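Residue strings, one per chain:
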Amino acid sequence: MLSLRQLSLASFAIGQSLGLVWNTYDGEGFPACYNVTEVHNATSVDNIAELVKDAASRGLRVRAAGKGHMWYDTQCSDEPTVIIRTENVNRIWDFDLEAGTVMVEAGVTFFQLADYLHVRGANMGTGLVNWNISIAGSVAMGAHRSSLRENSAVVGGVHAMDIVDASGEIRHIERDEDDDEWLAASTSLGLLGVVSRLKMSIYPDTKIWAMQETLDEKDVLDGDIDALIGPYATANFWWWPYKRKFRWRYYENVPLNESDQEGFQSTFSVTPVEAIAARTLMDSGKYLPSSNWLMEEIFFGQWSNPNFREKTTNEPIEKWPVYGYHYDVLIGGLYPDQRPVWDYDLRGYTLELAFPMTRANEMLKRVRQLFDAEAKKLIFMTSTYRSGINIKFGKPHKDFLGQVTYGTSDGEDWSKGTIMFDFPTYRPTAGDHKRYNEQFYINLANKLVDEFPCRPHWTKNTRDVFKRAVKNLDKNNLARFKAIKDQYDPNGVFRSVVGEIIGLYD
Ligand SMILES: Cc1cc2nc3c(=O)[nH]c(=O)nc-3n(C[C@H](O)[C@H](O)[C@H](O)COP(=O)(O)OP(=O)(O)OC[C@H]3O[C@@H](n4cnc5c(N)ncnc54)[C@H](O)[C@@H]3O)c2cc1C
Ligand SMILES: *[C@@H]1O[C@H](CO)[C@@H](O)[C@H](O)[C@H]1NC(C)=O
Ligand SMILES: *[C@@H]1O[C@H](CO)[C@@H](O)[C@H](O)[C@H]1NC(C)=O
Ligand SMILES: *[C@@H]1O[C@H](CO)[C@@H](O)[C@H](O)[C@H]1NC(C)=O
Ligand SMILES: *[C@@H]1O[C@H](CO)[C@@H](O)[C@H](O)[C@H]1NC(C)=O
């Protein structure tokens, strides 16, 4: 019943219930929940409803679990909790390309749906996150890709959903921006219940053209960022602060007959030799900043060539632009002969905050100032992540708790979209696992949260960042969300530390 990788024995005392730790996809040492009493592999939506009813009747908390693709100990509350795994509840049905919709269950992952659609001549558009992640888990937590022009939030492609509430009732919610129930369900943080079925938008399949260029830092910091990102189906930057460069990646739909190339992207695949070299160098970077400078130099060089292979031959693709099928180019997956970085103990911390586009240049310049302030002390900070600091973008989507919502009482104009500062960093394998100049990262997060009206990504920040960021959330939206939460879950069966921090159980 227990998945060994995700579950480790934490503590038990005589006469008390067994408290187990539920881990993130990173496994042992990366807790998502501290007080798990049972783990169930749900077998159907009705079974999810029965499991919720049963746990609630025994006074236990419940959290759904998809693929564990989150970073910190924020999935559950710290009270005894039952985990309901959705992985085996993964039917796809009612494919209708003419109507432009398909139905999926809670455990369906992006790659599962992409494969299903591709053989039927369809794709799911631009609201893509990553391959081995559940679509429902992404919708629950407000996850997104990067686009100002097209849907970037995954929920942007959702027409309707079913949520199992705390009484085990299955509630159906249709997309309707005038309905508080929809505005709460759209980014629910799993606090209304288990997102169990989704009606998703689909489109006739296309190929995608991917291009990448290198920009000087000043051309972005002082540049027209909207003009660089806005025109494309999806686009993002990767920032290399030590090199003072940006990589600019952009993608566009092209007809299926535009090219025979079948490019397949991989962001996470690595060879053992590369992985061990990177890990050794970055572990030494905990003490020796020069190792990190060198690593940024190496990563920057590697990330200049396309991180794509030709799918039919498995040969590296050497030249931009790259063409391929929709999902293969936008997400891809693992190369058949390689493993993901985390299998080699290359793990990360992260921080992600969303800012209004109207303040994009100001925000990036502020981050640069904070880097420069360290440099004045002769501390030169770098990106210790293989693709650099990820700068993403979000088309507005109205709801109560999403990162890309608009019309909030902070007086900021969020209607032009958002820019996300997503700063993954290497987590040293040794000692206290703190990074070189750890305090810099904490100060950076605190200053951005205090100085800008920014919003946290709901699975990419620590409890401390959430606590500090609460002041930036719209009080009225929180109150309206709470009113719906109280209908779905009056006793806090689905509570999480995130829900607690944003004040839903006070
Ligand atoms: C390598 C990697 C890349 C990522 N890339 C991106 C990205 O590009 N953009 C982005 O926005 N995010 C990204 N994420 C974050 C990811 O999209 C979210 O953390 C997402 O919620 C993970 O889904 P999961 O299926 O793994 O759920 P889990 O990690 O198992 O759960 C995450 C949270 O969602 C809740 N939950 C899960 N399923 C349901 C459900 N059916 N109903 C209600 N609540 C549920 C859980 O209780 C938990 O609180 C990435 C994460 C990783 C590890
Ligand atoms: C639940 O699924 C996981 C992963 O597929 C598996 O490791 C575990 O043994 C399953 N538990 C039960 C009770 O079937
Ligand atoms: C997806 O995640 C599961 C764990 O939930 C793992 O067993 C499987 O190998 C992963 N698949 C890929 C292709 O990474
Ligand atoms: C688990 O929950 C119990 C009951 O609320 C609490 O006493 C205990 O401290 C919790 N354990 C952990 C590890 O949080
Ligand atoms: C692709 O197909 C369209 C319509 O069938 C045709 O007009 C176009 O010339 C084709 N393009 C190429 C590059 O073959």
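Check the entry above for the structure.
Report follows, based on the coordinates. Worth saying up front: this structure is predicted, and the values here are computed from it rather than measured.

## Some thoughts on the site of ligand 1
No. 1: Around ligand 1, a shell composed of 31 residues is seen, among which A64, H69, S134, H144 and T459 lie nearest.
No. 2: With respect to ligand 1, the side chain of Q75 contributes an N or O atom lying 3.4 Å from an oxygen atom.
No. 3: Between ligand 1 and S134 there is a distance of 2.7 Å, counted from an oxygen atom to a side-chain nitrogen or oxygen.
No. 4: For the shell around ligand 1, the secondary-structure elements that each account for two or more residues are β4 (61–65), α3 (135–140) and β11 (194–201).
No. 5: The dominant element in the shell around ligand 1, judged by the number of residues it contributes, is α3, at four residues.
No. 6: When its residues are assigned to classes, the shell around ligand 1 shows 14 nonpolar, 13 polar and four charged.

## Points about a nonpolar patch on the surface
No. 1: On the surface, Y242, L378 and F380 cluster together to form a nonpolar patch covering roughly 300 Å² of accessible area.
No. 2: Residue classification places F380 among the partly exposed residues on the basis of a relative accessible area of 35%.

## Re a negative patch on the surface
No. 1: A cluster of like negative charges, contributed by E174, D176, E177 and D178, occupies part of the molecular surface.
No. 2: Checked against the element boundaries, E174 lands in strand β10 (residues 170–174).
No. 3: Overall, the relative accessible area of 45% leaves E174 in the partly exposed class.

## With respect to the site of ligand 3
No. 1: For ligand 3, the full set of nearby residues is K67, E87, W131 and N132.
No. 2: Interatomic distance of 3.5 Å between a side-chain N/O atom of K67 and an oxygen atom of ligand 3.
No. 3: One of the side-chain nitrogen or oxygen atoms of N132 is found 2.3 Å away from an oxygen atom of ligand 3.
No. 4: For the shell around ligand 3, the class distribution of residues is one nonpolar, one polar and two charged.

## Focus: the packing of helix α10 (residues 360–376) against helix α11 (residues 438–451)
No. 1: At a minimum axis separation of 11 Å, α10 and α11 run at an interaxial angle of 145°. The way α10 lies across α11 gives a crossing that is right-handed. For the pair formed by α10 and α11, the contact residues are M363, R366, V367, L370, F371 and E374 on the first element and F440, L444, K447, L448 and E451 on the second.

## Regarding helix α2 (residues 110–118)
No. 1: Within the span of α2, buried status applies to F110, L113, A114, Y116 and L117. One side of α2 carries all its buried residues, which in axial view fall inside an arc of 165°.

## Comments concerning the sheet that holds strand β15 (residues 245–254)
No. 1: Pairing is antiparallel in the open sheet, where eight strands are placed in the order β20-β13-β15-β14-β24-β25-β23-β27. A single partner strand is all that each edge strand has here, and the edge strands are β20 (322–325) and β27 (455–456).
No. 2: Note: strand β13 (residues 207–216) against β15, ten bridges, orientation antiparallel. Bridge pairing in β15 links Q212 to R249.
No. 3: Helix α8 (residues 289–302) rests against β13, β14 (234–240) and β15 of the sheet, and its axis sits at about 150° to β14.

## What about the pairing of strand β7 (residues 101–105)?
No. 1: Within β7, five of the five residues are buried, leaving the element largely enclosed by the surrounding structure.
No. 2: Two elements, strand β6 (residues 92–96) and β7, share three bridges in a ladder whose sense is antiparallel. The residue of β7 that forms the bridge with D96 is T101.
No. 3: With five bridges joining them, β7 and β11 adopt antiparallel strand pairing. Bridged to V102 within β11 is M200.

## Observations regarding the packing of helix α7 (residues 272–284) against α8
No. 1: Here α7 crosses α8 at 150°, and the two axes come no closer than 8 Å. Here α7 and α8 pass one another in a crossing that is left-handed. Taking contact as the criterion, the partners of E274, A278, L281, M282 and S284 in α7 are, on α8, S291, N292, L294, M295, I298, F299 and Q302.
No. 2: Partitioned by chemical class, the residues of the contact of α7 with α8 number seven nonpolar, four polar and one charged.

## A closer look at α11
No. 1: If you check α11, its first and last C-alpha atoms are 20 Å apart, about what 14 residues at 1.5 Å a residue would give, namely 20 Å.
No. 2: Burial in α11 covers these residues: E438, F440, Y441, L444, A445, L448 and V449.
No. 3: Residues of α11 that are buried in the fold lie against β23 (352–356), α10, β25 (418–422), β26 (425–426) and α12 (463–469).

Cut-offs and rules
Residues numbered from 1 in each chain as written. Chains lettered and ligands numbered in written order. Predicted model: local features only at pLDDT ≥ 70, side-chain atom pairs only at ≥ 80, totals over all residues. Heavy atoms only, no water. Near = heavy atom within 4 Å. Polar contact = N/O pair within 3.5 Å; in protein donor to acceptor, adjacent residues only side chain to side chain. Helix = DSSP H or I, 4+ residues; strand = E, 2+ residues; numbered from the N terminus. Nonpolar A, V, L, I, M, F, W, Y, C, P; charged D, E, K, R; others polar. Patch = residues over 30% accessible without salt bridge, like charges linked within 9 Å, V, L, I, M, F, W, Y side chains within 5 Å. Areas by Shrake-Rupley, 256 points an atom, 1.4 Å probe, with all protein chains shown as cover. Salt bridge = Lys/Arg side-chain N within 4 Å of Asp/Glu carboxyl O. Buried < 20%, exposed > 50% of the residue type's maximum accessible area, 1.4 Å probe, protein only. Lys, Arg positive; Asp, Glu negative; His and termini not counted. Charge placed at Lys NZ, Arg CZ, Asp CG, Glu CD. Axes fitted to C-alpha atoms, helices over the stretch in contact; angles between N-to-C directions. Left-handed = near helix turned anticlockwise from the far one by under 90°. Contact = heavy atoms within 4.5 Å. Arc of directions from axis to C-beta. Pairing = 2+ DSSP bridges. Expected span 1.5 Å × (residues − 1).

These values are about where atoms sit, not about what they do.
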